Amino acid sequence: MAVLIIAGLDTGGGAGIAADIKTVSALGLHPLPILSAVTYQNPDGVRGYHVLPPELIRGEIRAVKDFFEIEAVKIGMLGNGEAVRIVAEETGGLLRVLDPVLASSIGHPLIDLEGIETLKDLLIPGSIVTPNVPEAEKLTGMKVSSVEGMKKAARILVEEFGAKAAVVNGGHLDYTDVLYWNGEFYEFRGEMIEGFTHGTGCAFSSALASLLAKGMELPEAVEEAKRFVETAIRFSSREGKCINPLAPLEIDVERWRTYSGLKNEVKRLMKMGELLNPLVPEVGTNFAYATPQGEVFAVNGRIVRYGKTIKPVGPVELNASDHLKRALLKFREFYPEVRAVINLRYSRELIERAEKLGLMVSFYDRREEPGDVKAREGGTIPWGIETAIRRVGDRPDVIYHLGDWGKEPMVLIFGENPLKVLEKVKGLLDVPRGQS
Ligand SMILES: Cc1ncc(CO)c(N)n1
């Protein structure tokens, strides 16, 4: 699956076509890079730029259009009206995500005035546009200083300018993104994430184009693209005086796979809400998934009972479960292939059923814990996991403990990934035939 990328070169490597190529690749698609302009810049500022000759840009696009099947296009910096015109002509009929790059993240212009007018006339119509707040202001001529203002601008971009949808990125305001699509508004809340943000607009729009290329629907694709960029910022690495918003590709891919893999299985878990409800302990359930490098994602605020069903309190995030993280990391010292775990309320029937299903079950008893363990290393949980593994001398599927003063009895179900854990949970929940 291929995504066409039309963008400028950022010599600093953080934004522009480099960020786009990394993003599309990280999401598992094939990037087709079309260079529109060369900028000479570093994170301190843009020193200048040169737009490539229009016929060269046209030639680049035609060369790949004649060979590849293109599922979506991401359009970034174009620089002038001529380039905008060519790109509008050559991308008509394709699924187009347009990042209307007007200036660098610290405000240096990256397009001339005729270019801006041509964007409005020829390229915004029919595109999914992803301006940030300053870009939305410049395009619409209105002041944007709140989520309400972002909504107004998004609506103008669709209803007056003819965009297919508009996502106004709120990084400059309160980290909420606003989508206007098919007559409806959607809000995507985010939070301040420490890190460098040069190039995040580029990464967002190419992530959005990639996810749409994969067939995801619009509101969900915006949500996922936002989380992708948040992950990229969170794991950004330092390069010289700045921090690169896109961490090295291999690491990012694993983090992204882990994050989105867990998110998918949490969603599927919710479908079993009524069956699971009685198995959620007082302290809540959590579901954790570690990257191969040992960073552990889980549901922030845990999964709790909600009426007859269950719900996650917050989103999937890094380090959102201290208990499961400690259990999982200790387990992986013995069996590194095991990367996922869920905790459920203990019941004798659950354990009996696990044994009947042929799962390997072990346990630990806090009362066996030597007095010096707590002070030594990580406390009861790692000690308990190690004790349970040594007890059976094999790889357990299930480890339980009966608790003691103030600690609720708990069952931990382990597996290589969240899907395998969920399959074990399903086996445990299965109502015998004829009874339902
Ligand atoms: C080439 C290029 N595209 C986009 C941006 C926006 O950050 C930038 N700084 N440079």
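Residues numbered from 1 in each chain as written. Predicted model: local features only at pLDDT ≥ 70, side-chain atom pairs only at ≥ 80, totals over all residues. Heavy atoms only, no water.

## Quick word on the pairing of strand β3 (residues 45-51)
Part 1 of the reasoning: Bridge count between strand β2 (residues 30-42) and β3: 6 bridges; the pairing is antiparallel. Its bridge partner being in β3, valine 38 is matched across the sheet by histidine 50. (Pairing = 2+ DSSP bridges. Helix = DSSP H or I, 4+ residues; strand = E, 2+ residues; numbered from the N terminus.)

## Thoughts on the confidence of the model for the chain
Part 1 of the reasoning: Taken as a whole, the chain shows an average pLDDT of 91; of its residues, 93% reach a score of 70 or greater.
Part 2 of the reasoning: Every residue in residues 431-436 is under pLDDT 50, and counting partners more than four places away or in other chains gives 2 contacts.
Part 3 of the reasoning: The complex model carries a pTM of 0.76, and its ipTM stands at 0.96. (pLDDT = per-residue confidence, 0-100. Contact = heavy atoms within 4.5 Å.)

## Remarks on the sheet that holds strand β1 (residues 2-10)
Part 1 of the reasoning: Sheet architecture is open: 9 strands sit in the order β3-β2-β1-β4-β5-β6-β7-β8-β9, paired in mixed fashion. Strands at the two margins of the open sheet, each flanked by one partner only, are β3 and β9 (184-188).
Part 2 of the reasoning: For strand β6 (residues 128-129) and strand β7 (residues 165-168), the ladder comprises 2 bridges, and the chain directions are parallel. Bridging across to β7, valine 129 finds its partner in alanine 166.
Part 3 of the reasoning: Strands in contact with helix α6 (residues 147-159) are β6, β7, β8 (177-181) and β9; relative to β8, the strand with the most contacts, it is inclined by about 30°.
Part 4 of the reasoning: The sheet contacts of helix α7 (residues 200-213) involve β1, β4 (70-75), β5 (96-98), β6, β7 and β8, and relative to β4 the element is tilted by about 165°. (Axes fitted to C-alpha atoms, helices over the stretch in contact; angles between N-to-C directions.)

## Some remarks on the packing of aromatic side chains
Part 1 of the reasoning: Counted under the stated rule, the structure contains 10 aromatic pairs.
Part 2 of the reasoning: Residues tryptophan 256 and tyrosine 259 carry aromatic rings whose centres are separated by 5.4 Å and whose planes lie at 35° to one another, so their mutual orientation is tilted. Note that tryptophan 256 and tyrosine 259 are positioned in helix α9 (residues 249-271) at a spacing of 3 residues, about one turn of the helix.
Part 3 of the reasoning: On the basis of relative accessibility, which here comes to 8%, the residue tryptophan 256 falls in the buried class. (Phe/Tyr/Trp six-rings, centres within 6.5 Å; stacked < 30°, edge-to-face > 60°. Buried < 20%, exposed > 50% of the residue type's maximum accessible area, 1.4 Å probe, protein only.)

## So, the sheet that holds strand β12 (residues 287-290)
Part 1 of the reasoning: Strands sit in the order β16-β13-β12-β17-β20-β19-β18 across an open sheet of 7 strands; the sheet is mixed. At either margin of the open sheet sits one strand with a lone partner, and together these are β16 (316-318) and β18 (361-364). Adjacent strand axes in the sheet meet at a mean angle of 25°, parallel and antiparallel pairs treated alike.
Part 2 of the reasoning: Pairing analysis gives 6 bridges linking strand β17 (residues 340-345) to strand β20 (residues 410-415), with the strands arranged antiparallel. Paired with asparagine 343 across the two strands is leucine 412, which belongs to β20.
Part 3 of the reasoning: With respect to the sheet, helix α12 (residues 348-356) is in contact with β17, β18, β19 (398-401) and β20, its orientation differing from that of β19 by roughly 155°.

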